Amino acid sequence: MAAVKQTVDHVESLEKYKHGFVTDIEQDFAPKGLSTDIVRFISAKKNEPEWMLEYRLDAYERWLAMDEPEWAKVYFPRIDYQDSYYYAAPKEKTGPASLDEVDPDILATYAKLGIPLREQEVLAGVKGAPRYAVDAVFDSVSVVTTFKKELAEAGVIFCSMSEAIREHPELVKKYLSSVVPVSDNYYACLNAAVFSDGSFVYVPPGVRCPMELSTYFRINAENSGQFERTLIIADKGSYVSYLEGCTAPMRDENQLHAAVVELIILDDAEIKYSTVQNWYPGDPETGKGGIYNFVTKRADCRGDRAKVSWTQVETGSAITWKYPSCILRGESSVGEFYSIAITNGRQQADTGTKMIHLGANTRSRIISKGISAGRSSNTYRGLVSAHPKAKGARNFTQCDSLLIGKTCAAHTVPYVEARNSQCVFEHEATTTKLSEDQLFYAMQRGLSQEEAVQLLVNGFVKDVLQELPMEFAVEAQKLVAISLEGSVG
Amino acid sequence: MLSISNLHAEIDGKLILKGLTLDVPAGEVHAIMGPNGAGKSTLSYVLTGRQGYEVTEGTATLDGEDLLSLDPSERAARGVFLSFQYPLEIPGVPALTFIRTAMNAQRKARGEAEITAPEFLKLARATAASLKIDFEMLKRALNVGFSGGEKKRMEIFQMAMLSPRFLILDETDSGLDIDALKIVADGVNAMRSPDRAMLVITHYQRLLDYIKPDRVHVLAGGRIAESGGPELAHELEREGYDKYARAA
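What counts, and at which threshold
- Residues numbered from 1 in each chain as written.
- Chains lettered and ligands numbered in written order.
- Predicted model: local features only at pLDDT ≥ 70, side-chain atom pairs only at ≥ 80, totals over all residues.
- Helix = DSSP H or I, 4+ residues; strand = E, 2+ residues; numbered from the N terminus.
- Buried ≥ 20, exposed ≤ 12 C-beta atoms within 10 Å, placed from the backbone.
- Contact = placed C-beta atoms within 7 Å.
- Rg over C-alpha atoms; globule rule 2.2 N^0.38 Å.
- Nonpolar A, V, L, I, M, F, W, Y, C, P; charged D, E, K, R; others polar.
- Pairing = 2+ DSSP bridges.
- Axes fitted to C-alpha atoms, helices over the stretch in contact; angles between N-to-C directions.
- pLDDT = per-residue confidence, 0-100.
- Expected span 1.5 Å × (residues − 1).
- Core = buried A, V, L, I, M, F, W, Y, C linked by C-beta atoms within 7 Å.
- Left-handed = near helix turned anticlockwise from the far one by under 90°.
- Parallel < 35°, antiparallel > 145°, perpendicular 65-115°, else oblique.

**Digging into the overall build of chain A**
The secondary structure content of chain A amounts to 12 helices and 23 strands. For chain A, with 489 residues in total, the buried portion stands at 55%. The contacts of chain A with a sequence gap of at least 6 include a subset with a gap of at least 24, amounting to 83%.

**Here we look at the overall build of chain B**
Per the secondary structure count, chain B includes 8 helices and 10 strands. Computed over its C-alpha atoms, the radius of gyration of chain B comes to 18 Å, within 12% of the 18 Å expected for a compact globule of 248 residues. For chain B, the C-alpha atoms occupy an extent of roughly 55 × 40 × 35 Å along the three principal directions. Considering only contacts in chain B between residues 6 or more positions apart, those separated by 24 or more positions represent 72%.

**Thoughts on the environment of Lys 73 of chain A**
Residues and elements named next belong to chain A. Counting through the fold element by element, Lys 73 comes out in the loop between α3 (50-64) and β2 (88-90). Between the alpha carbons of Lys 73 and Gln 466 there is a distance of 29 Å; along the sequence they are 393 residues apart. Setting aside residues up to four positions removed in sequence, Lys 73 forms contacts with Asp 350, Ser 377, Thr 379 and His 411.

**Things to note about the interface of chain A and chain B**
In this assembly, 20 residues from chain A lie in contact with 22 residues from chain B. Residue composition of the side of chain A that touches chain B, grouped by class: 10 nonpolar, 5 polar and 5 charged.

**Quick look at the sheet that holds strand β9 (residues 215-220) of chain B**
In sheet architecture, strand pairing relies on hydrogen bonds along the backbone and comes in two forms, parallel and antiparallel. Residue and element names in this part refer to chain B. Spatially, 6 strands are ordered β6-β7-β8-β3-β9-β10 in an open sheet, and the strand pairing comes out mixed. Across the chains shown, the open sheet's two edge strands, defined by having one partner strand only, are β6 (80-83) and β10 (223-228). Sheet twist, expressed as the average angle between the axes of neighbouring strands with direction ignored, equals 20 degrees. Sheet topology note: the strand β3 (residues 29-33)/strand β8 (residues 197-202) ladder contains 5 bridges and is parallel. Considered in β8, the bridge of His 30 is made with Leu 199.

**Details of unusual backbone geometry**
Residue and element names in this part refer to chain B. The residue Asp 12 is not glycine, and still its phi comes out positive at about 50 degrees. Tracing the backbone through its elements, the reader meets Asp 12 in the loop between β1 (2-11) and β2 (14-24). A positive phi angle is found at Asn 143, which is not glycine, with a value near 65 degrees. Within the fold, Asn 143 resides in the loop between α4 (117-130) and α5 (148-162). On the neighbour-count criterion, Asn 143 (22 C-beta atoms within 10 Å) is buried.

**Details of the confidence of the model for chain B**
Put simply, chain B has an average pLDDT of 93, and 98% of its residues get 70 or more. Both confidence scores are given for the complex: pTM 0.81, ipTM 0.96.

**Things to note about the sheet that holds β2 of chain B**
Residue and element names in this part refer to chain B. The strand order β2-β1-β4-β5 describes an open sheet built from 4 strands, whose pairing is antiparallel. Edge positions in the sheet fall to β2 and β5 (65-66), since each of these pairs with one other strand and no more. Inspection of the sheet shows β1 paired to β2 by 8 bridges, in the antiparallel sense. Paired with Ser 3 across the bridge in β2 is Asp 23.

**A few points about helix α3 (residues 95-109) of chain B**
Within an α-helix, residues lying three or four positions from one another point in the same direction, as the helix has 3.6 residues per turn. For α3 of chain B, built from 15 residues, the straight-helix expectation of 21 Å at 1.5 Å per residue is met to within 8% by its first-to-last C-alpha distance of 21 Å. Residues of α3 of chain B that are buried: Ala 95, Phe 98, Ile 99, Thr 101, Ala 102, Met 103, Ala 105 and Gln 106 of chain B. Tucked into the core, α3 of chain B has its buried residues touching α11 (449-465) of chain A together with α2 (72-77) and α5 of chain B.

**Focus: the pairing of β3 of chain B**
Residue and element names in this part refer to chain B. Among the 5 residues of β3, 5 are classified as buried, and the element is accordingly described as predominantly covered. Neither face of β3 is left uncovered, since the one carrying Val 29, Ala 31 and Met 33 and the one carrying His 30 and Ile 32 both have all their residues buried. In this structure, β3 lies alongside β9, joined through 4 bridges in parallel fashion. The partner of His 30 across the bridge, within β9, is Arg 215.

**Focus: the pairing of β6 of chain B**
Residue and element names in this part refer to chain B. Neither face of β6 is exposed, since Val 80 and Leu 82 on one face and Phe 81 and Ser 83 on the opposite face are all buried. Of the pairings in the sheet, the one linking β6 to strand β7 (residues 166-170) comprises 4 bridges and is parallel in character. Looking at β7, one finds that Ser 83 is bridged to Leu 169.

**Overview of α5 of chain B**
Residue and element names in this part refer to chain B. Spanning 15 residues, α5 covers 21 Å between terminal C-alpha atoms, matching the ideal 21 Å at 1.5 Å per step. Within α5, the full set of buried residues consists of Lys 152, Arg 153, Met 154, Glu 155, Ile 156, Phe 157, Gln 158, Met 159, Ala 160 and Met 161. Considering only its buried residues, α5 is in contact with β6, α3, α4, β7 and α6 (178-189). Phi turns positive one or two residues past the end of α5, at Ser 163, with a value near 50 degrees.

**Remarks on the nonpolar core**
All names here are of chain A. Core analysis: the biggest nonpolar cluster contains 203 residues, and Val 201, Leu 263, Ile 265 and Ile 271 have the highest contact counts within it. It is α11 that contributes the most residues to this core, 9 residues altogether. Apart from the residues within four sequence positions on either side, Leu 263 is in contact with Val 179, Ile 232, Ile 271, Tyr 273, Ala 299, Asp 300 and Val 308.

**Some points on the confidence of the model for chain A**
Residues and elements named next belong to chain A. With 82% of its residues at a pLDDT of 70 or more, chain A has an overall mean of 83. The low-confidence segment residues 1-15, where pLDDT is below 50, has 19 contacts with residues more than four positions distant or belonging to other chains. Here residues 120-130 scores under 50 on pLDDT; set against residues more than four positions off or in separate chains, the count is 6 contacts.

**Quick notes on the packing of α3 of chain B against α5 of chain B**
All names here are of chain B. Running from amino to carboxyl end, α3 crosses α5 at an angle of 35 degrees, the nearest separation of the two axes being 10 Å. The interaxial crossing formed by α3 with α5 has right-handed handedness. Contact residues: Ala 95, Ile 99, Ala 102, Met 103 and Gln 106 in α3; Met 154, Gln 158, Met 161 and Leu 162 in α5. Its residues placed into classes, the contact of α3 with α5 shows 7 nonpolar, 2 polar and no charged.

**Comments concerning the environment of Ile 90 of chain B**
For Ile 90 of chain B, the position within the fold is in the loop between β6 and α3. Linking Ile 90 of chain B and Ala 141 of chain B, residues 51 residues apart in sequence, is a C-alpha distance of 6.3 Å.

**Quick notes on the packing of α4 of chain B against α5 of chain B**
All names here are of chain B. Running from N to C, α4 and α5 cross one another at 135 degrees; their axes reach a closest spacing of 10 Å. Of the possible angle classes, the one that applies to α4 and α5 is oblique. Our pair here, α4 against α5, has a crossing hand that is right-handed. Across from Leu 123, Ala 124, Thr 127 and Ala 128 in α4, the residues of α5 making contact are Phe 157, Ala 160 and Met 161. When its residues are assigned to classes, the contact of α4 with α5 shows 6 nonpolar, 1 polar and no charged.

**Notes on the environment of Leu 142 of chain B**
Inspection of the secondary structure puts Leu 142 of chain B in the loop between α4 and α5. As a C-alpha pair, Leu 142 of chain B and His 8 of chain B span 134 residues in sequence and 34 Å in three-dimensional space.

In structure tokens, the structure reads:
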């Protein structure tokens, strides 16, 4: 098998983490550490109104009184919150520039990552190919948002969070923290105090958003955290599909990414939210470096027959702590969670969802596929609950774990609470090992070991991949393959 | 075609093949028979390069080229095919996808162009029809929920699609009823040709009524204990493997 081993080593050295480069540009930093002064500094940098500053200071006060959660099955040294920068931005004038004013180095960074920021480039693509608009967030600020004009014609607001606070304060005031309260949890509260940028989407009643929306998050600066805030509102009878992607340079120290995403879905509206998360996972041998991905994502199906669908492909980060959840408040509202979580090397993931059935005849569906390789640990943690009024609530949960090799671990921690007698919850779980027999079978037919692993893994995650928008499913499939390269051998 | 000389192989330190010598010339079908535990399946795994089967002595060549130093996929690309005794289930991967991926991997390894989708589908339809396989079944995950007979038929389908040069059939008759056995045998016989050779591993003589061998070998105690014509199979059927078991 010497030839196989050589190929594996070669591919590993080439592809280990291809987004790990650093862009060398001049940046503005807030002084290191965290204090009310820093909170004021961030707010001032963004020319925020007084009410926003008060919101932040209030959050900061509450955060000081809170403790870090310790119930997740992840282990890491205590974070020194004073040893990080809470604001890093490319040097430029305030406010989003037109594309021509954006630093060419930043444009080059996104080009290298394969993110189309020039509308004409998107348009010049294959005829009939779906187009999508991008909000590009570089460290703490949004550098550019594309297709704004065309979206505005449809009545859709798609802009950075900073811009939304200035231009659409009535919407922000009404919905911000209405799904994830300021002091919901330690990381969400920290986010409320220091969040820098993120995306804001509002789709008016009856409008079907004419294209996919996406945000591309890039952490570049050293010793900095990224605290983005995303707020999406789908008004009655509207529809929007949104995708976020994330990458970061390879660095030896850990970096914190503590985001909050809030989705509000009114009567008969639908949001489809997809994530392809590929933060730097740290060194696979030593476990050094990598992103701590401590994220709070929650959707509130506030209206009747509202529908939300979370799809996530989590391949990166040293530690993932993330539970995209659905509050099914409106009658007959629907929540879905499709997840692929892959851990390799020394990665740790504790991820899952919460389906909170409040309204009658609400339905939810959970399909989780966890893959562990190397010396990693992968935990599914999920809650399905039905409140007394949620008569006729239904849930179906399927949790599958795949183990590759002998030194990894998979855990499944489902919580189920039914507080009325008229709900039906189903839970199925499997744990399998990628078998030597299956690998040999595929290799006997002509596949190399790497190809055999890819084929088997793709078969395992197929149910979830097909939930992703077409153009991203292909990307995700490649990412799945790259994440597991060198995991057998 | 295939030439094996003084082959010794072990699993977990236990010697199973103890100096096996065998020649299968192109155009011929050879049957390997023998008692349980004689090393029949070990021989098929050693020839296909399964991990854990360690060759300690001897050689195996295909048309003069050393097989034993090649990876399993490299052997497959050179035309070595094993029809498994217990075909594996591949969840989430449709049979057609699996075979097309395998076919293109082999073609790539041989420096050939990939097969186009229309060409592939045309070939798959024709092959499925000849083996009386419902084409819809090929869109389902490979072997998942298939009956024993269906799985064996899928092995022959893959064999016909991949068109190998050297075929190893490991207990292909087990789990087949008489109708399925005939279909499978027809599929195998259709592949007989002057530039192919086959090794048919079986415990019972029954299969050899349908796939007529040129030579029959008895594998016992890790080596070829006796060789003969087709009549040897009938003799074994009557008298059993007792005398070889004692000899071993």
